[in-house]
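If you want the building blocks of each chain, they are given just below.
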Amino acid sequence: MIDLKEGVVEYLEIEGQKELKGAVRISGAKNAALPDMAAAILTDETVILENIPYLLDVSTMKNLLEHIGFRIEEKENSVLSFRLERVASLEAPYELVSKMRASILVLGPLLTRFGYAKVALPGGCSIGTRPVDLHLKALKKMGAKIKVEHGYIYAEAPRGLKGSYIHFSKKSVTGTENIMMAAVLAEGETIIDNAAREPEVVDLANMLKKMGADIKGEGTDTIVIKGVKRLKGTDHRIIPDRIEAGTFAVISALFDGNIIIEEYPYEYLGYVHALLEKMGVNVVKISQNQVVIKRSGRLKPVDIQTKEYPYFPTDLQAQFMTFLSVIEGSSKITENIFENRFMHVPELRRLGADITVSGRDAFIKGVKSLSGAQVKATDLRASAAMVIAGLIARGKTRIYDIYHLDRGYENLDSKLRLLGASVKRGFEEINS
Ligand code: EPZ
């Protein structure tokens, strides 16, 4: 990613309806890499993370850890080593947190290890207000003194955190991760009730256990952590990105499956596969971690409810909306997790989709095909939905605000070019 000079915007231009075939490899999961990087704060030894995806969000988290005092080295492609030799700061400044909400993940580790943290309150983002009240409530329960003012969270626990019973009124992925990291060095036992069950939470727990943490129940609704005195370094490989995998499953289904998807995390997408089957699409394993996607007949419309893992992930909602927009018949998508995650609808309508929104429901009437147009990426996953739309639309599609895509997908445009897609990046002077 390069910094654009004033008045220049970057776009992705796609010439639709090209034949796609070949192989694509799924990168490491963004939403595992971010908590796993934050977990390095919990030890003074070296942590090695493998299969790190090259993403804007990962570089933001790297900058934040370097600001805290980490020395971070690239050992080889996608392998980084982290060592907190000298603590330079216990603060996560606004200019970094405002770029990436997941910066909140340094709060738990800094507080439990050093007894103090000052973290800018993450702003909302386009998909919703994204509060962190559940994180703060839980840390207070563990004995932290928390003050929020002037846009910053001031957290103190000079005598360390106390293990406690924590009930999350709502399942929160980063909330569960923050508290799990706070609990591993707290005194005594912490029970996290109504914990998030995402594979990325389990990946973090696996990494923490390799560092010497005592954790049980990860991946279920109840996680039990017994605090230990200190944690060792470790070498951990990050799991593949199930959302990127789901995105390529949709692309491959639309081009009727001449694509082999490698490093495909089959076991994390059970519910998505069941839904695809109802749509007339089968995900066929051809080896331990390779799949091809095959249509089993005419594509059929379906209704989708986004829910917490293991159900249908909100992060695949926009991509499936693009898919359903060209399947004959009526479909409905209900977004139950975020309050404003339909910004891609007006953009899809510009491409000729027939979609209406009422509250949390989007009603989709399949059209024969989409027609290329200029559109905007509105959030990280919606940007992938625009790319999919561009791939199947007649003619040219230009997607602006493409930085959203670079936040969460590693080299998506080059992966698509390798499959035969006509995708190129361009720059446009915005007339002043
Ligand atoms: C994680 O966000 C992911 N990000 C999101 O992925 C993902 O969409 C989301 O989980 C849901 O699966 C990372 O893991 C870095 P939540 P997170 O806390 O943890 C409410 C992407 O595209 N809530 O599980 O911030 C919240 O408003 C991103 O990669 C509170 O009310 O989500 C939401 O409605 C987008 N108070 C619901 O809970 C809180 O303190 C679930 O949020 C925390 C959350």
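So, a few notes on the structure that sits alongside this text.

Scoring rules and cut-offs
In this convention, every chain numbers its residues from 1, walking through the sequence in written order. Totals for whole chains, interfaces and linings use all residues, but because this is a predicted model, local features are given only for residues with pLDDT of at least 70 and pairs of side-chain atoms are given and counted only at 80 or more. As a rule here, side-chain values cover all heavy atoms of the structure and leave hydrogens and water aside. Counting from the N terminus, the helices are the DSSP runs of H or I reaching at least four residues and the strands are the DSSP runs of E reaching at least two. As a reference, a globule follows 2.2 Å times the number of residues to the power 0.38, and the radius of gyration itself is taken over C-alpha atoms. The buried label goes to any residue with under 20% of its type's maximum accessible area, the exposed label to any with over 50%, and the partly exposed label to all in between, with areas taken from a 1.4 Å probe on protein chains only. Any two residues having at least one pair of non-hydrogen atoms within 4.5 Å are treated as being in contact. All accessible-area figures derive from a Shrake-Rupley calculation using a 1.4 Å probe, and residue coverage is judged against the displayed protein chains alone. Buriedness for pockets is judged along seven lines, at least five of which must meet protein on both sides within 12 Å for an open set on the 1 Å grid over protein atoms alone, while cavities are sets there where a 1.4 Å probe fits but cannot get out, and lining residues have an atom within 4 Å of a point. Grid points are joined across faces, edges and corners, and a volume is the space filled by probe spheres set on the points. Under the scheme applied here, ten amino acids are nonpolar (Ala, Val, Leu, Ile, Met, Phe, Trp, Tyr, Cys and Pro), four are charged (Asp, Glu, Lys and Arg), and all others, including Gly, are polar. What makes a salt bridge here is a side-chain nitrogen of Lys or Arg within 4 Å of a carboxyl oxygen of Asp or Glu, nothing more. At least two bridges found by DSSP between two strands are what make those strands a pair. The angle between two axes is taken between their N-to-C directions and runs from 0 to 180 degrees, where each axis is a line fitted to C-alpha atoms and a helix contributes only its stretch in contact. Should an angle fall under 35 degrees it is called roughly parallel, over 145 degrees roughly antiparallel, and 65 to 115 degrees roughly perpendicular, with every other angle called oblique. Working rule for handedness: look at the near helix, and if it is turned counterclockwise from the far one by less than a right angle, call the crossing left-handed; if clockwise, right-handed. Each nonpolar core is a collection of buried residues, namely Ala, Val, Leu, Ile, Met, Phe, Trp, Tyr and Cys, held together in the definition by side-chain atoms within 4.5 Å. Between 30 and 60 degrees the pair is tilted, below 30 it is stacked and above 60 it is edge-to-face, where a pair is any two Phe, Tyr or Trp rings, Trp via its six-membered ring, whose centres lie within 6.5 Å. Counted as over-ring charges are cases with an Arg CZ or a Lys NZ within 6 Å of the ring centre that also lie within 35 degrees of the ring normal.

### Some details on the overall build of the protein
Across its full length, the protein holds 14 helices and 24 strands. For the protein, whose C-alpha radius of gyration is 22 Å, the value lies close to the compact-globule estimate of 22 Å for 432 residues. Dimensions along the principal axes, computed over C-alpha positions, put the protein at roughly 65 × 50 × 45 Å. Residues classed as buried in the protein amount to 56% of the 432 residues present. Contacts spanning at least 24 positions in sequence make up 72% of the contacts within the protein whose residues lie at least 6 apart. Carbon together with sulfur atoms contributes 49% to the accessible area of the protein, which is approximately 17,500 Å² in total.

### Thoughts on empty space enclosed by the protein
Over the atoms rolls a probe the size of a water molecule, and in doing so it shows where empty space is left. Per the stated rule, a full pass over the model turns up two cavities of 30 Å³ or more. Within this model, the largest cavity holds a volume of roughly 40 Å³. What lines the largest cavity is Ala29, Lys30, Asn31, Glu200, Asp241, Arg242, Ile243 and Arg381. Looking at the lining of the largest cavity, the elements with two or more residues in it are α1 (30–39) and α8 (242–254). The residue makeup of the lining of the largest cavity, split by class, is two nonpolar, one polar and five charged. Roughly 30 Å³ of volume is contained in the second largest cavity.

### Quick look at the side chain of Thr314
Mapping Thr314 onto the fold places it in the loop between β18 (303–305) and α10 (317–324). Given the relative accessible area of 11%, Thr314 is considered buried. Other than its neighbours up to four places away in sequence, Thr314 contacts Thr306, Glu335, Ile337, Phe338 and Arg341.

### So, the environment of Ser59
Looking at the element boundaries, Ser59 is found in helix α2 (residues 56–68). A relative accessible area of 29% places Ser59 in the partly exposed class.

### Digging into the pattern of salt bridges
Here the structure, examined in full by the defined rule, presents 28 salt bridges. We note a salt bridge from Glu218 to Lys209, for which the minimum N-O separation is 2.6 Å. Among the residues examined, Glu218 registers a relative accessible area of 16% and is labelled buried.

### Some remarks on the pairing of strand β20 (residues 354–358)
Of the pairings in the sheet, the one linking β20 to strand β21 (residues 361–365) comprises five bridges and is antiparallel in character. The partner of Thr356 across the bridge, within β21, is Phe363. Adjacent in sequence and paired antiparallel, β20 and β21 are bridged by two residues, among which Gly359 carries a positive phi angle near 65°.

### Some remarks on the sheet that holds strand β6 (residues 91–92)
Strands sit in the order β6-β7-β9-β8 across an open sheet of four strands; the sheet is mixed. The open sheet terminates on both sides in strands that have one partner only, identified here as β6 and β8 (145–149). Bridge analysis of β6 against strand β7 (residues 116–120) gives two bridges, and the strand direction is parallel. Following the sheet pairing, Glu91 is matched in β7 by Lys118. On the sheet, helix α4 (residues 107–114) packs against β7 and β9 (152–156) and is oriented at approximately 160° with respect to β7.

### Some points on the packing of α1 against helix α7 (residues 199–210)
Relative orientation of the contacting elements α1 and α7 amounts to 30°, with a least axis distance of 9 Å. The orientation of α1 with respect to α7, classified from their angle, is roughly parallel. Both α1 and α7 take part in a crossing whose hand is right-handed. Between α1, through Asn31, Ala32, Pro35, Asp36 and Ala39, and α7, the contact on the second element is made entirely by Glu200, Asp203, Leu204, Met207 and Leu208. The residue inventory of the contact of α1 with α7, partitioned by class, reads six nonpolar, one polar and three charged.

### Some details on the nonpolar core
Among the nonpolar cores identified, the biggest contains 79 residues, and Leu65, Phe82, Val106, Met180 and Leu208 are the most heavily contacted of them. With six residues, α1 is the single largest residue contributor to this core. When neighbours within four sequence positions are excluded, Leu65 is seen to be in contact with Met37, Ile41, Phe70, Ile72, Phe82 and Val106. With 67 residues, the next largest nonpolar core counts Ile243, Ile333, Ile392 and Tyr409 among its residues.

### Some points on the pairing of strand β1 (residues 8–15)
Judged by how many residues are buried, β1 sits mostly within the fold: six of eight residues are covered. Inspection of the sheet shows β1 paired to strand β24 (residues 422–429) by eight bridges, in the antiparallel sense. From the neighbouring strand, Glu13 faces β24, where its bridge partner is Lys424. In the sheet, β1 pairs with strand β23 (residues 396–400) via four bridges, with the strands oriented antiparallel. Pairing of Glu13 across the sheet is with Arg398, part of β23.

### Re the packing of aromatic side chains
Taken as a whole and judged by the stated rule, the model has five aromatic pairs. Ring geometry for Phe320 against Phe323: centres 6.4 Å apart, planes inclined by 55°, an arrangement best described as tilted. Of this pair, Phe320 and Phe323 both sit in helix α10, separated by three residues, roughly a single helical turn. Like Phe323, Phe320 is buried. Three or more aromatic residues joined by ring pairs form one cluster here, namely Phe312, Phe320 and Phe323. A cation over a ring is seen here: Lys307 above Tyr311, with NZ or CZ 4.9 Å from the ring centre. Taking NZ or CZ as reference, Arg398 lies 3.9 Å from the ring centre of Tyr11, over its face.

Purely geometric stuff here, so don't read any function into it on its own.
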